Amino acid sequence: MHCTIVLYKPRFHNSSGDIFVPESQTPKRWFSNFGMKGYLPALKMKILTLISGGDVGGAKTHVLSLLQAINKSVEADLICFTEGDFAEDARQMGISTKVIDTGNIFKDIAELKAALAQNQYDIIHSHGSRGNFMAALVRKWSKLPVISTVHSDYRLDYLGRPMAKLVYGNINKIALRKIDYLIGVSGSMSELLIERRFAPDTIFTIYNGIDMSRKTLDVSRRVFLRSYGVDFPEDSIIVGIGARLYPVKDIATLIKGFAKAERVISKLRLLIAGNGPEEQNLKLLAQDLGVQDKVAFLGWVQDMDSFYASLDINTLTSLTETFSYVLTEGARFSLATISSRVGGVTYLIDHGVSGLLFSPGDTESLSAHLITLASDKALRRKFGKKLYEKTKNEYSLEATCRTQLEIYESVMRRYSQRSNKRYGIVICGSYGMGNVGDESILEAILAEVKGIDPEVPIYVLSKHPKETRRKNRVRTVHTFSMLSFFRILRKVGLYINGGGNLIQDDSSRRSLWFYLYTIMAAKKRGVKVIMYGCGIGPINYAFNIRLSARIINKYVDVITLREDGSVAELEKMGVTKPVILLAADPALSLSAASPDIVDSIMFSEKLKPERSYICFMVRKWPGFEEKISDFAVAADYAYTTYGITPVFLPIDHKKDYEPAHQITAKMKSPYHIIKGEYSAGEVTGVLSHMKAVVSMRLHGLVFASGHGVPLVGVVYEPKVSAYLRYIGQTNFMELCDVTADKLKRSIDEALKRGKSEDQTQAVQRLWEKEKVNRIALEKLMRELSENEK
């Protein structure tokens, strides 16, 4: 067995860039001593792939193309349980292939065990119900980690085939629960698995990669069409779909939408490549709609390159999908694309930027999209170019291969660490409440933790555990499930309290007592405690001040603070025992979403990039209702004086819509209220397009400040003014002092100042201070790892 150099991400990187890998955590079976800095020489991995061998379509393409590609880096063998085209194609591609099909399940298992015994495999990787079933049966015996790639929703795999669903569908459901790690083909499939309560930290994501460098046949549209007996006019605008003609592909919606669009754009024509049981019904539908002469059913098409080269618009109308090759194949030809909003499609296509999306079965929207693209050749070219670029950069076969190898390496590291008793982190804060600000803090903490050790098990206390688990792919329990919390404390070595203003009694005394109790409970059970990137106060009651000081002094190891006002607050309280470090808000470490994603959001929200906007972020708070008219007058003033349209962006999706509507009800000028729920990076990207931001919400100010957007702060709690002072801003007022005239003057000042380089530089200095959070966290995690030696 020969050696190769593979990238190995060490367990820890410290702040100076030096590498630290605890010897007890290095998987010695696979990795030897350090070579180049940042790399480890590793014995070549050996992977055994199991699959039924009867697979067709996207799953077949994914498995064979990936096996062929990764064999350049690792040794990957294939076992099929049926002889056929799959196995034969694998052999022709140079993949080491064996077929086990004795006709007796017990003999098949015996042969599989013999193959495992004869070869020193490191990982078993299964696909499909039969592959998963066999992998689950030999998992314990082999003592190897088992991975399954889930290509589609296993509950829908045998749609319309009740006996197959009863037998193979149920076998697959049981087998998947026995397998160590799952790979979802697309982010949406991974989310589906998490929703079905598979452990989120055992789920990886991969996408169907396509070889963008593959050469295509040079066949003209006319020659290709005539080879199938199709004689469309030369100036036709051809819409196409390549799909099996099964109900789940919903070709009927495409024909209906096409028929509506063709009445408006008579040059439209439709090509359908594929066969299946729905073919006759679809032909009858086209006839009933009077478009039978404008719809061509090509049947099975061998030369799909020439098919895509003949199209002007590519489509997908599936009711359910993971990540369809139909779209990436079309992207290879720079085709403008319309797709149903299913599965991983939204990860590939940014609506309004690189294609158009519609809800499954929505004939009207599909028809409208067809008319839009058929009417605008330049738009078709723009969408096609954007989609090609994104596919090449993110969804190529090379990228998929790289992801698969990283998954294998991650699994091997995790498998070597599974015996560690106190290897994990629990995070507690104001999470699962629908507040983008609080969720951004969690997102930032998770990014820092995974940047230090990507394999560490993480548990999060959340008010909505299911949603937090889905969004962040971590294990969760309900915030107030104390029995679950105590069980977690037996497994972890570090408790992270924060960030945000948790240690305060302004909004609730009970929440303060709860957080103090969790700190004490964690420390008493031998867990190290860090209060991370937090703010302190206000604490109004003398008893709560004494209680907080006593518990923090006795049970907290390290505190990192997000602004200097909190340092003074701790000094007043008499907190001196923990290590106290001045840092910055963890959310500052998050980046804005990509321009394409932001443009797609702006398009979906009907915000036009050529217009100017001012953003208002308000919240309910005692005294706010008396100021509603003042906010409304100020918003109207921005529009009438500067021609800037007010936009209301909710930070808390449960609480901020009502105050926004209260203001807009009193306004006379046009306005927008952002309706979608977006991540911190997406909100940051949207705010970067604003001429100014008027905000009560702290994290609205945090997100906007890094882009130099002029700020007007409305202070409802000291944390708002503390942050603004921290970045050198003075354009703010207390909520109780708000008047229409003061808001107008502040808006004038903000717009006069424009985007501020000084503000941007101040925030950049805070970005440097924010790194103190990571340094403190890394030190504690290193200490925990050393204790596990």
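Residues numbered from 1 in each chain as written. Predicted model: local features only at pLDDT ≥ 70, side-chain atom pairs only at ≥ 80, totals over all residues. Heavy atoms only, no water.

Tallying secondary structure elements over the protein gives 29 helices and 30 strands in all. Its C-alpha atoms give the protein a radius of gyration of 29 Å, within 12% of the compact-globule value 28 Å for 789 residues. Taken along its principal axes, the extent of the C-alpha atoms in the protein is 80 × 65 × 45 Å. With 789 residues in all, the protein has 57% of them scored as buried. A separation of at least 24 residues holds for 71% of the contacts in the protein among residues at least 6 apart in sequence. Accessible surface for the protein amounts to roughly 33,200 Å². Of this, 51% is attributable to carbon and sulfur atoms. Across the protein, 106 positive and 86 negative side-chain charges occur, with their mean positions spaced 5 Å apart. (Helix = DSSP H or I, 4+ residues; strand = E, 2+ residues; numbered from the N terminus. Rg over C-alpha atoms; globule rule 2.2 N^0.38 Å. Buried < 20%, exposed > 50% of the residue type's maximum accessible area, 1.4 Å probe, protein only. Contact = heavy atoms within 4.5 Å. Areas by Shrake-Rupley, 256 points an atom, 1.4 Å probe, with all protein chains shown as cover. Lys, Arg positive; Asp, Glu negative; His and termini not counted. Charge placed at Lys NZ, Arg CZ, Asp CG, Glu CD.)

Here we come to a positive patch on the surface. Side chains of R487, R490, K491, K524, R525, R550 and K554 sit close together on the surface and give a patch of like positive charge. In this structure, K524 sits in helix α19 (residues 509-524). (Patch = residues over 30% accessible without salt bridge, like charges linked within 9 Å, V, L, I, M, F, W, Y side chains within 5 Å. Salt bridge = Lys/Arg side-chain N within 4 Å of Asp/Glu carboxyl O.)

Note that V460 resides in strand β19 (residues 458-462). The sequence separation of V460 and V426 amounts to 34 residues, and the corresponding C-alpha distance is 5.7 Å. Those residues in contact with V460 that sit more than four places away from it in its chain are I427, Y431, L442, T468, V474, R475, T476 and V477.

Attention now moves to the nonpolar core. Within soluble globular proteins, side chains that are nonpolar tend to cluster in buried spots. Counting 69 residues, the largest nonpolar core has F631, L649, I663, L687, M690, V693 and F703 as the members making the most contacts within it. Residue contributions to this core peak at six residues, all from helix α23 (residues 628-642). Sequence-distant contacts of F631, that is, excluding residues within four places in its chain, are made with F616, V618, F624, I663, M696, V714 and L743. Counting residues in each nonpolar core, the second largest holds 59 residues, with L66, A273, V301 and L327 among its members. (Core = buried A, V, L, I, M, F, W, Y, C linked by side-chain atoms within 4.5 Å.)

With the rule as written, the count across this model stands at 14 aromatic pairs. Aromatic side chains F307 and Y308 sit 5.3 Å apart centroid to centroid with 70 degrees between the ring planes, which places their arrangement in the edge-to-face category. Each ring, one from F624 and one from F631, has its centre 5.8 Å from the other, and the planes form 40 degrees; the classification is tilted. The same class applies to F624 as to F631, namely buried. Members of the aromatic cluster, connected to one another through ring pairs, are Y207, Y347 and Y395. A cation sits over an aromatic face here: K46 above Y121, 5.3 Å from the ring centre. (Phe/Tyr/Trp six-rings, centres within 6.5 Å; stacked < 30°, edge-to-face > 60°. Lys NZ or Arg CZ within 6 Å of the ring centre and 35° of its normal.)

On the surface, a nonpolar cluster with roughly 420 Å² of combined accessible area is contributed by M163, L166, V167 and Y168. For V167, the position within the fold is in helix α5 (residues 162-178). Overall, the relative accessible area of 38% leaves V167 in the partly exposed class.

Take the sheet that holds strand β21 (residues 494-503) next. Backbone hydrogen bonds are what pair the strands of a sheet, in a parallel or an antiparallel way. The seven strands are arranged β20-β19-β18-β21-β22-β23-β24 in an open sheet whose pairing can be described as parallel. Looking along the sheet, the strands with just one partner apiece sit at the ends: β20 (475-478) and β24 (579-582). Averaged over all neighbouring strand pairs, the angle between strand axes comes to 20 degrees, with direction disregarded. Sheet topology places strand β18 (residues 425-428) next to β19; four bridges connect them, and they run parallel. Directly across from V426, in β19, lies its bridge partner Y459. Helix α17 (residues 465-472) rests against β19 and β20 of the sheet, and its axis sits at about 165 degrees to β20. (Pairing = 2+ DSSP bridges. Axes fitted to C-alpha atoms, helices over the stretch in contact; angles between N-to-C directions.)

So, about the pairing of strand β16 (residues 336-340). The buried fraction of β16 is high, at five of five residues. Side-chain alternation along β16 places A336, I338 and S340 on one buried face and T337 and S339 on a second face that is also buried. Bridge count for β16 against strand β17 (residues 356-358) is three bridges, and the pairing is parallel. Bridge pairing links I338 to L356 in β17.

So, on to the side chain of S65. You can see S65 is positioned in helix α1 (residues 57-70). Under the relative-accessibility criterion, S65 is labelled buried at 16%. Engagement of the side chain of S65 in a polar contact is seen with the backbone oxygen of H62, the distance being 3.4 Å. (Polar contact = N/O pair within 3.5 Å; in protein donor to acceptor, adjacent residues only side chain to side chain.)

Residues G498 and G499 are joined by a peptide bond in cis, for which omega reads -5 degrees. With respect to the element layout, G499 can be found in strand β21. At K143, a position not held by glycine, the phi torsion is positive, near 60 degrees. Phi angles above zero are rare outside glycine, and D250 is one such case at about 50 degrees. Mapping D250 onto the fold places it in the loop between β12 (237-242) and α8 (251-264). Using a relative accessible area of 12% as the deciding quantity, one classes D250 as buried.

Of the residues making up helix α21 (residues 564-573), those classed as buried are S566, E569, L570 and M573. End-on view of α21: buried residues confined to an arc of 95 degrees, all on one side of the axis. For α21, exposure combined with an orientation more than 90 degrees from the buried face picks out E571 and K572. Tucked inside the fold, the buried residues of α21 contact β22 (528-536), α20 (542-555), β23 (558-561) and β24. One side-chain oxygen of the residue at the start of α21 lies 3.1 Å from the amide nitrogen of G565, identifying that residue as E563. G574 sits one or two positions beyond α21 and adopts a positive phi of about 85 degrees. (Arc of directions from axis to C-beta.)

A few words on the pairing of β18. Going residue by residue along β18, you find I425 and I427 tucked away on one face and V426 and C428 tucked away on the opposite face as well. Examined bridge by bridge, β18 and β21 share four bridges and lie parallel to one another. What sits directly across from V426, in β21, is Y495.

What follows deals with the environment of A587. Along the chain, A587 turns up in the loop between β24 and α22 (595-604). Sequence separation of A587 and E439 is 148 residues, and the distance between their C-alpha atoms is 9.1 Å. Once residues within four sequence positions are removed from consideration, A587 is found in contact with S440, A444, H699 and F703.

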